[in-house]
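# Secondary and tertiary structure notes
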There are 2 protein chains.
Amino acid sequence: MIISVLQDAFRPGALEENFKKIKAAYDKAVEKKADMLVVPSEALCGFEPRGLVDYSGYSDKVAQMQKKLVRKTVPDTALVFDTPYAIDGSFSPAIIVAYDGCVQNSIPHLPAEDFPDCVVEYAGRNILFSFFSGDSAVGVLSLPELMETVDLAVFLDARCFLADVEEKRCEMLDTLAHTVPALVYAGQAGGQETEILVGASAIYIQGNAGLQLPYFKPAQGFLDMDSRQKQGMPLMYPESEEGRTGVLHDALVCGIADYFKQSGVKKAVLGLSGGIDSSVVLPLAVEALGRANVLGLLMPSRFSSRHSVEDAVALAENLQVYYETIPIEPLYETFLRQLEPVFKNSGFGLAEENLQARIRGNLLMATANKTGGIVLNTTNKSEAVCGYGTLYGDLCGGIAVLGDLYKSQVYALARYINRKKEIIPGNCITKAPSAELRPGQKDSDSLPDYDLIEKIIRAHLEQKRDEKELIRAGFDKNAVKQVLSLFYKNEYKRRQAPPALRVSSTALCSDFDFPLFS
Amino acid sequence: MIISVLQDAFRPGALEENFKKIKAAYDKAVEKKADMLVVPSEALCGFEPRGLVDYSGYSDKVAQMQKKLVRKTVPDTALVFDTPYAIDGSFSPAIIVAYDGCVQNSIPHLPAEDFPDCVVEYAGRNILFSFFSGDSAVGVLSLPELMETVDLAVFLDARCFLADVEEKRCEMLDTLAHTVPALVYAGQAGGQETEILVGASAIYIQGNAGLQLPYFKPAQGFLDMDSRQKQGMPLMYPESEEGRTGVLHDALVCGIADYFKQSGVKKAVLGLSGGIDSSVVLPLAVEALGRANVLGLLMPSRFSSRHSVEDAVALAENLQVYYETIPIEPLYETFLRQLEPVFKNSGFGLAEENLQARIRGNLLMATANKTGGIVLNTTNKSEAVCGYGTLYGDLCGGIAVLGDLYKSQVYALARYINRKKEIIPGNCITKAPSAELRPGQKDSDSLPDYDLIEKIIRAHLEQKRDEKELIRAGFDKNAVKQVLSLFYKNEYKRRQAPPALRVSSTALCSDFDFPLFS
């Protein structure tokens, strides 16, 4: 028995394209005499159609594409895909097994106790078809008697990469793969809006990966189940810290590339401050878009240290990226002069700091507008937690590349990028973080240590520990109070921040929904 | 039997304050020998606690406040409130009837068929306690036999004002009020983040309102059910268009006032362009915050017509609001000079237009930062639909006052504000809308007629008509294609726009969740 697995990203707004991708993969499967092509979950209808499902233009089209796909099937190659609609157009998500021009089986999304109904005979084997959600997987594991009757289990999936959960996903798959003689896992792969779909589709025989497709990239694989040749390939998610940072790196590169592809935009603009964040975003952008499509802006002020300009220049030159230097001083002075009636003689303060950041935001956006590009935002999650950033200033942009990464993860990425040679100047990695909006400013002047912020907020968001519990767990009382107070009172900033590429199960403003005023 | 009803806005982050408000109202009820105080839904725990419910610091505190409240009750005055937690701290929303220091009844949120379990005997009467959701209300109506045994029905509620649904809410209440001898409706009142809770709590006897509390404002009312004195008061939601615009006006004033109260901020800053939107926001802000707390900025450019400056000045002077004039020309010129290496000789275009809007955004934000204020955003829903606005420019601000109002509603508000005397210069209302970002520009140069935009998008969002259906319904094909294309491709702008005061059931980005790329 030859099985083929397809992985790709399927968009809800691109039904024709989705149809064509599935059809092309099916044609290849037929050509290679595969007995079955397994397509990821939400392939035909697109990943997360959201509000579109309420429109008949969308649902009718899905139903129409679905019929067309089924009609194209030949007798000896089953096409396995899912759809949110029954053939009659009514909403009723199911896995479809089609061959010989007909829907042969339609397997609805069932609770665990109904799993026996998911088992279908095809090509002389008992095959279980199911979605790969935590519940379904656990459901299957709770039915060992059923599993004994199954020759093959097929799981359809579409899930985004979550660095903190990826190990668990692999473990769950590994456990399942050991309960059945063979297992097929087909997951969507690639960037969709801010999410990066895992991919890593696989076929296991007797618990060993016989076929393993890559993370994040479109691919189609084939495995002859009866040949034992390819067996024993290792699971792809690396054990080492550096290896895992590499997967995270690839996820972000894919996220940027596909965000731009979906936007229909080629060029990216970003500010280069010589700080760690922009110094990590630049190489990611270059890998995703090509160096010719990335434009750096250096926007030094009276408060910029000489080394930050030098570091930014060195970085741009290491990557051979075109950059322009636009000093903000003349703009800053003109603003101060024009604002004289409002500012009067109030002295330097937050307004003057934000002003500089917003002048830079305006320069970046003007450059993006003029070149038809999108501004890449460089804020990280530790800053977002504390509201350390200026709305419409450094918080501008189409997509926040590092918005779901703590500062420590940004440093790990920097080291990973530099693993073979120094691309990011060492100074960017070793110097103390600074917004450089006032003389000699350091982030640590107004924030606790970034490692402490991360530990506190992880315990708060991941383990749901509140103030009292955090202090009881040994965290410094003042730091806890400061971080939580900053976190809650800056919800308003996060609501207007650019969407961030998601790489964790605790993405701000999407996994949490806190009151604006609490 | 004397019944008291309390209405107010209760915040999830202010449990002590919520407790005190309920306690104070209960003390007054006891003093006035009321048999029962009915408190709106989610009063103790606060309206929409969202993510807070996952934290034991929050849930423990709610449970503790709940016990404390119950212990304070005396034998002859029942306290009726709801809570998301059972006394043991487990999550189990219920209506509590407490007196004599104990929970006497705990009535869970039941499906319609279990309504008989919601009927409790108190003070010699059969009283039905329920939440006022569409389902529950319909559920009650479907049980006429039950209703015949009920002497009094008590509905707890907390819902935001939706101009397009308010008539239905009143009708539903009126219908219910005619099915039972007496009915109590207690709803939260006041602004909560971007939502404005209706209030309008009432007591009906034989279908007639015997007590009617105001829209949006905190209040406590009393009614002696056995005295027929006050009966026959009319329902408060006006029949006339002007009357309804008045309610909408009051909702927005309440929304602004409470948003600032919750932010702990007194001062508002807004740009005055002489256009209809800012000309409507200014009087609303003055009514909400007082004229001394509102600062107007006139920021004319080389493209501003003389009348737009004159109209803005006249408006500010009519309202006696302090304003400053900061011409953007020197800033615009300095930006163009600094951007020369990027702009080169590309000619005037979108980048130059956005630049002007973002200079204004920067001036507004700088003024807000310096004066400790919040920028009021003046975008309307028709513009938001079409993405007609500049991110970080005219789309800056803490709260979008008109963000959920179509242009036609903004004009209606203008006429309402001018109903007694001309506050908004007539010219602001009659002239053609223009962004004044290029010579002689009119909104109609790049957009279909605003009335047509509204009709198309209402049919699309409210009746879920897609492109094909809209054209079939007789809308101009090109206009439909243009509006829908603008709507979908500008989702990214709305994701970063300031939160808008909600006044409809079709608020953008909160009632809809469309893909970023479709």
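Our subject is the structure that appears above.
Residues numbered from 1 in each chain as written. Chains lettered and ligands numbered in written order. Predicted model: local features only at pLDDT ≥ 70, side-chain atom pairs only at ≥ 80, totals over all residues. Heavy atoms only, no water.

On to the overall build of chain A, then. Assigned secondary structure in chain A consists of 19 helices and 19 strands. In terms of overall size, chain A behaves like a compact globule, its C-alpha atoms giving a radius of gyration of 26 Å where 518 residues would be expected to give roughly 24 Å. Taken across its 518 residues, chain A has 61% of its residues classed as buried. When contacts within chain A are restricted to residue pairs at least 6 apart in sequence, those whose partners lie at least 24 apart make up 70%. Summed over all atoms, the accessible surface of chain A reaches about 19,600 Å², with 50% contributed by carbon and sulfur. Charge centroids of chain A, computed over 54 positive and 66 negative side chains, lie 6 Å from each other. (Helix = DSSP H or I, 4+ residues; strand = E, 2+ residues; numbered from the N terminus. Rg over C-alpha atoms; globule rule 2.2 N^0.38 Å. Buried < 20%, exposed > 50% of the residue type's maximum accessible area, 1.4 Å probe, protein only. Contact = heavy atoms within 4.5 Å. Areas by Shrake-Rupley, 256 points an atom, 1.4 Å probe, with all protein chains shown as cover. Lys, Arg positive; Asp, Glu negative; His and termini not counted. Charge placed at Lys NZ, Arg CZ, Asp CG, Glu CD.)

So, about the pattern of salt bridges. A complete count under the given rule lists 52 salt bridges over all chains for this structure. The shortest N-O distance in the salt bridge between A:K61 and A:E16 comes to 2.9 Å. Of this pair, A:K61 sits in helix α2 (residues 56-71) while A:E16 sits in helix α1 (residues 15-31), and the two are 45 residues apart along the sequence. Accessibility expressed as a relative area gives 23% for A:K61, which makes it partly exposed. Of the charged contacts in the structure, one is a salt bridge between A:R495 and B:E193, with a shortest N-O distance of 3.8 Å. Of this pair, A:R495 sits in helix α19 (residues 491-496) while B:E193 is found in the loop between β10 (189-192) and β11 (195-198), placing the two residues in two different chains. Its relative accessible area of 24% is what places A:R495 among the partly exposed residues. A network of salt bridges, in which partner residues are shared, links A:E48, A:R50, A:E193, B:E491, B:R494 and B:R495. (Salt bridge = Lys/Arg side-chain N within 4 Å of Asp/Glu carboxyl O.)

Attention shifts here to the interface of chain A and chain B. Each partner contributes to the interface: chain A provides 70 residues, whereas chain B provides 70 residues. For the pair chain A and chain B, the summed buried surface comes to about 6,100 Å²; carbon and sulfur atoms form 62% of the total. Broken down residue by residue, the surface that chain A buries against chain B is led by A:Y55, A:K370 and A:F517, which jointly contribute 14%. On inspection of chain A and its partner chain B, the count reaches 6 salt bridges. The shortest N-O distance in the salt bridge between B:K370 and A:E352 comes to 2.8 Å. Taken together, chain A and chain B are joined by 25 residue pairs in polar contact (both at pLDDT 80 or more). Within the residue set of the side of chain A that touches chain B, elements represented by two or more residues are α2, α6 (241-263), α9 (329-338), α10 (340-343), α11 (350-371), α16 (450-461) and α19 of chain A. Considering each element in turn, the side of chain A that touches chain B owes the most residues, 14 residues, to α11(A). Along the lines of polarity and charge, the residues of the side of chain A that touches chain B split into 34 nonpolar, 21 polar and 15 charged. (Buried area = accessible area lost by both parts, 1.4 Å probe. Polar contact = N/O pair within 3.5 Å; in protein donor to acceptor, adjacent residues only side chain to side chain. Nonpolar A, V, L, I, M, F, W, Y, C, P; charged D, E, K, R; others polar.)

Superposing chain A onto chain B takes a rotation of 180° plus a shift of 0.0 Å along the axis, which leaves an RMSD of 0.0 Å. Taken together, the rotation angle and the small translation identify this as a two-fold axis. Using C-alpha coordinates, one finds that chain A approaches the rotation axis most closely at A:Q496, a distance of 2.2 Å. With an isologous cut-off of 70% or more, the 100% of interface residues of chain A that recur at the interface of chain B puts this contact in the isologous class. (Least-squares fit on C-alpha atoms with pLDDT ≥ 70 in both.)

Okay, the sheet that holds strand β13 (residues 208-212) of chain A next. Residues and elements named next belong to chain A. Taken together, 6 strands build an open sheet; the order of strands is β6-β7-β8-β9-β12-β13 and the sheet is mixed. Edge positions in the open sheet fall to β6 (119-122) and β13, since each of these has one partner strand only. Here the strands of the sheet are splayed against their neighbours by 25° on average, with no regard to which way each runs. Summarising the sheet, strand β12 (residues 202-205) and β13 pair through 4 bridges and their orientation is antiparallel. Across the sheet, Y204 pairs through a bridge with A209, a residue of β13. Sitting on the sheet, helix α5 (residues 166-177) is in contact with β8 (152-157), β9 (182-187) and β12, with an inclination near 150° to β9. (Pairing = 2+ DSSP bridges. Axes fitted to C-alpha atoms, helices over the stretch in contact; angles between N-to-C directions.)

On to the sheet that holds strand β18 (residues 374-377) of chain B, then. Residue and element names in this part refer to chain B. In spatial order, the strands read β17-β16-β15-β18-β19; together these 5 strands make up an open sheet with parallel pairing. In this open sheet, the two edge strands, each paired with only one partner strand, are β17 (322-325) and β19 (399-400). The sheet contact formed by β18 and β19 spans 2 bridges and is parallel. Residue pairing in the sheet places N377 in a bridge with A400 of β19. Contacting β15 (268-271), β18 and β19, helix α6 (residues 241-263) runs over the sheet at an angle of about 155° to β18.

In this section: the pairing of strand β10 (residues 189-192) of chain A. Residues and elements named next belong to chain A. Both β10 and strand β11 (residues 195-198) contribute to a ladder of 4 bridges, which runs antiparallel. When the sheet's bridge partners are listed, A189 is paired in β11 with V198. Taking the residues that link successive antiparallel strands as the turn, the β10-β11 hairpin has 2 residues, and the phi of E193 there is positive, at about 55°.

With 58 residues, the main nonpolar core has B:F161, B:F260, B:V280, B:L282, B:L376 and B:L402 as its most contacted residues. The element best represented in this core is α6(B), accounting for 10 residues. Apart from residues lying up to four places away in sequence, B:L282 is in contact with B:L270, B:L272, B:V294, B:L315, B:A316, B:L319 and B:V321. Core analysis: the second largest hydrophobic core is formed by 57 residues, A:I196, A:A316, A:L319 and A:I423 among them. (Core = buried A, V, L, I, M, F, W, Y, C linked by side-chain atoms within 4.5 Å.)

Residue and element names in this part refer to chain B. Of all 7 residues that make up strand β7 (residues 125-131), 5 are buried, and the element is covered over most of its length. Alignment of strand β6 (residues 119-122) against β7, held across 4 bridges, turns out to be antiparallel. The residue of β7 that forms the bridge with E121 is N126. Joining the antiparallel neighbours β6 and β7 is a turn of 2 residues, in which A123 adopts a positive phi near 50°.

So, on to helix α1 (residues 15-31) of chain B. Residue and element names in this part refer to chain B. The end-to-end C-alpha distance of α1 is 24 Å, a good match for the 24 Å that 17 residues give at a rise of 1.5 Å each. Taken together, the buried positions of α1 are occupied by L15, N18, F19, I22, K23, A25, Y26 and A29. Along the axis of α1, the buried residues cluster in a sector spanning 165°; they form a single face. For α1, exposure combined with an orientation more than 90 degrees from the buried face picks out K20 and E31. Two residues or fewer after α1 comes K33, characterised by a positive phi angle close to 55°. (Expected span 1.5 Å × (residues − 1). Arc of directions from axis to C-beta.)

With that settled, consider the packing of aromatic side chains. Tallied over the entire structure, the rule returns 22 aromatic pairs over all chains. Ring plane angle 40° and centroid distance 5.2 Å describe the contact between A:Y215 and A:F216, whose orientation is recorded as tilted. Overall, the relative accessible area of 4% leaves A:F216 in the buried class. Pairing B:F132 with B:F155 gives two aromatic rings, centres 5.8 Å apart and planes at 80°, and the pair type is edge-to-face. Of the two residues, B:F132 is situated in the loop between β7 and α3 (134-141) and B:F155 in strand β8 (residues 152-157); the sequence distance between them amounts to 23 residues. Judged by its relative accessible area of 0%, B:F155 falls in the buried class. (Phe/Tyr/Trp six-rings, centres within 6.5 Å; stacked < 30°, edge-to-face > 60°.)

Before going further, it helps to examine helix α7 (residues 276-289) of chain A. A rise of 1.5 Å per residue sets the reference length of α7(A), with its 14 residues, at 20 Å; its end C-alpha atoms lie 20 Å apart and thus fit the reference within 8%. The element α7(A) is extensively covered by neighbouring structure, given that 13 of its 14 residues are classed as buried.

It is worth spelling out unusual backbone geometry at this point. One non-glycine residue, A:E42, lies in positive phi territory at about 55°. Here A:E42 lies in the loop between β2 (36-38) and α2.

Our next topic: the packing of helix α16 (residues 450-461) of chain B against helix α18 (residues 477-489) of chain B. Packed helices, taken two at a time, are described by the angle their axes make and the gap between the axes. Residue and element names in this part refer to chain B. Where α16 meets α18, the closest approach of the two axes is 10 Å, and the angle between their N-to-C directions is 70°. As the angle between them shows, α16 and α18 are arranged roughly perpendicular. Considering the relative orientation of α16 and α18, their crossing is right-handed. Two secondary-structure elements touch here, α16 through L452, I453, I456, I457, H460 and L461 and α18 through A479, V480, V483, L484, F487 and Y488. Along the lines of polarity and charge, the residues of the contact of α16 with α18 split into 11 nonpolar, 1 polar and no charged. (Parallel < 35°, antiparallel > 145°, perpendicular 65-115°, else oblique. Left-handed = near helix turned anticlockwise from the far one by under 90°.)

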